[in-house]
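The primary structure of each chain is shown beneath.
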Amino acid sequence: MLPLQRNRALKPMDMAENQQTFRGTCPLPDLGATARLGAGIAAGLRAGDAVALWGDLGAGKTTLARAILQALGVEEDVPSPTFTIVQAYDTPGLAVAHFDLYRIRQARELDELGLDDALAQGAVLVEWPERAPERLPADTLHVRLSLAQDGRLARLTGPSLWQDVTPCASFRANAMHG
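Residues numbered from 1 in each chain as written. Predicted model: local features only at pLDDT ≥ 70, side-chain atom pairs only at ≥ 80, totals over all residues. Heavy atoms only, no water.

Caption draft 1: Spatial organisation of the overall build of the protein chain. Regarding its fold elements, the protein chain presents 5 helices and 8 strands. For the protein chain, the residues scored as buried account for 48% of the 178 residues in total. Long-range pairs, those at least 24 residues apart, make up 69% of the contacts in the protein chain with a sequence separation of at least 6. Counting every atom, the protein chain has about 9,200 Å² of accessible surface; 50% of that belongs to carbon and sulfur. (Helix = DSSP H or I, 4+ residues; strand = E, 2+ residues; numbered from the N terminus. Buried < 20%, exposed > 50% of the residue type's maximum accessible area, 1.4 Å probe, protein only. Contact = heavy atoms within 4.5 Å. Areas by Shrake-Rupley, 256 points an atom, 1.4 Å probe, with all protein chains shown as cover.)

Structure, rendered in structure tokens:
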């Protein structure tokens, strides 16, 4: 049986072209908060979805990717794919590919790495998406992670369909339509 897929094309599009988007912030004071955010994102993932994890070194991109994958049922170690560039996981309900684009030089390298195939067969988590933003689907969930006084802060931007699966109440208050 094929995995569930969202009704959308797999071609990139400027986020401004999406009809309904939301923006919100989620404080991540500890690993438990990161795990809750990861579980919320995992609950909404479907084949064809992309989650772009933005942030400086040490901002928590791999930690959040690990939380998403663990919420999907991955029990094995979830290392950063910095050297392998892509790591594939078969979770009980969805194939997920975890990409780290830090070492790629050109967006076309993603053809060789199988980004489009990974999206067709499952979902993708993408660290360092600024290396190839034009290759991300239009309805990508963007998570910008940064260090804050009390831990980390996640700023999310994406299609409104994601606002209901996130554990932070501030998303609903900050929903933007139009």
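So much for the structure itself; the text now carries on.
Caption draft 2: Highlighting the nonpolar core. If you look at the biggest cluster of nonpolar residues, it comprises 31 residues, and the most contacted ones within it are Ile 41 and Val 143. For this core, the elements supplying multiple residues, two or more each, are β1 (20-28), α1 (31-44), β2 (50-54), α2 (61-71), β5 (122-127), β6 (141-148) and β7 (151-159). (Core = buried A, V, L, I, M, F, W, Y, C linked by side-chain atoms within 4.5 Å.)

Caption draft 3: Fine view of the environment of Arg 144. As for its position among the elements, Arg 144 is in strand β6. Residue Arg 144 is classed as partly exposed on the basis of its relative accessible area of 27%. Sequence separation of Arg 144 and Thr 157 is 13 residues, and the distance between their C-alpha atoms is 8.4 Å. When residues no more than four places from it in sequence are discounted, the contact partners of Arg 144 are Trp 54, Leu 153, Ala 154, Arg 155 and Thr 157.

Caption draft 4: Highlighting the side chain of Thr 91. Note on placement: Thr 91 falls in the loop between β3 (86-90) and β4 (95-100). On the basis of relative accessibility, which here comes to 9%, the residue Thr 91 falls in the buried class. A polar contact of 2.4 Å, which involves the side chain of Thr 91, links it to the backbone oxygen of Leu 94. Those residues in contact with Thr 91 that sit more than four places away from it in its chain are Leu 72, Val 74 and Val 96. (Polar contact = N/O pair within 3.5 Å; in protein donor to acceptor, adjacent residues only side chain to side chain.)

Caption draft 5: Representation of the packing of aromatic side chains. Applying the stated rule across the entire model yields 1 aromatic pair. Over the ring of Tyr 102 we find Arg 131; its NZ or CZ atom is 5.3 Å from the centre of that ring. In this arrangement the basic side chain of Arg 144 is found over the ring face of Trp 54, its NZ or CZ atom lying 4.7 Å from the centre. (Phe/Tyr/Trp six-rings, centres within 6.5 Å; stacked < 30°, edge-to-face > 60°. Lys NZ or Arg CZ within 6 Å of the ring centre and 35° of its normal.)

Caption draft 6: Examining the side chain of Thr 140 more closely. Looking at the secondary structure, you find Thr 140 in the loop between β5 and β6. Under the relative-accessibility criterion, Thr 140 is labelled buried at 0%. Polar contacts involving the side chain of Thr 140 include one to the main-chain carbonyl oxygen of Pro 137, which spans 2.7 Å.

Caption draft 7: Expanded view of the pairing of β7. The pairing of β1 with β7 spans 8 bridges and is antiparallel. Bridge pairing links Cys 26 to Ala 154 in β7. Once β6 ends, the chain turns through 2 residues before running back antiparallel as β7. (Pairing = 2+ DSSP bridges.)

Caption draft 8: Structural view of the confidence of the model for the protein chain. Mean pLDDT over the protein chain works out to 81, with 82% of the residues at or above the 70 mark. Taken together, the stretch residues 1-18 has pLDDT below 50 and engages in 43 contacts with residues farther than four places along the chain or on a different chain. Predicted confidence for residues 169-178 stays below pLDDT 50, and this span has 27 contacts to residues more than four positions away or in other chains. (pLDDT = per-residue confidence, 0-100.)

Caption draft 9: Inspection of α1 at higher detail. Counted at 1.5 Å a residue, the expected span for α1 with its 14 residues is 20 Å, and the 20 Å between its end C-alpha atoms agrees. Buried within α1 we find Ala 33, Thr 34, Leu 37, Gly 38, Gly 40, Ile 41, Ala 42 and Gly 44. Contacts from the buried residues of α1 go to β1, β2, α2, β6 and β7. Put simply, Asp 30 is the residue that caps the front of α1, since its side-chain oxygen is 3.1 Å from the backbone nitrogen of Gly 32. (Expected span 1.5 Å × (residues − 1).)

Caption draft 10: Focus on the environment of Gly 93. Considering the arrangement of structural elements, one finds Gly 93 in the loop between β3 and β4. Taking C-alpha positions, Gly 93 is 9.8 Å from Ala 47, a pair spaced 46 residues apart along the chain.

Caption draft 11: Just the environment of Arg 105, in detail. Its location among the elements puts Arg 105 in the loop between β4 and α3 (109-113). Taking the C-alpha atoms as reference points, Arg 105 and Ala 132, 27 residues apart in sequence, are found 9.0 Å from one another.

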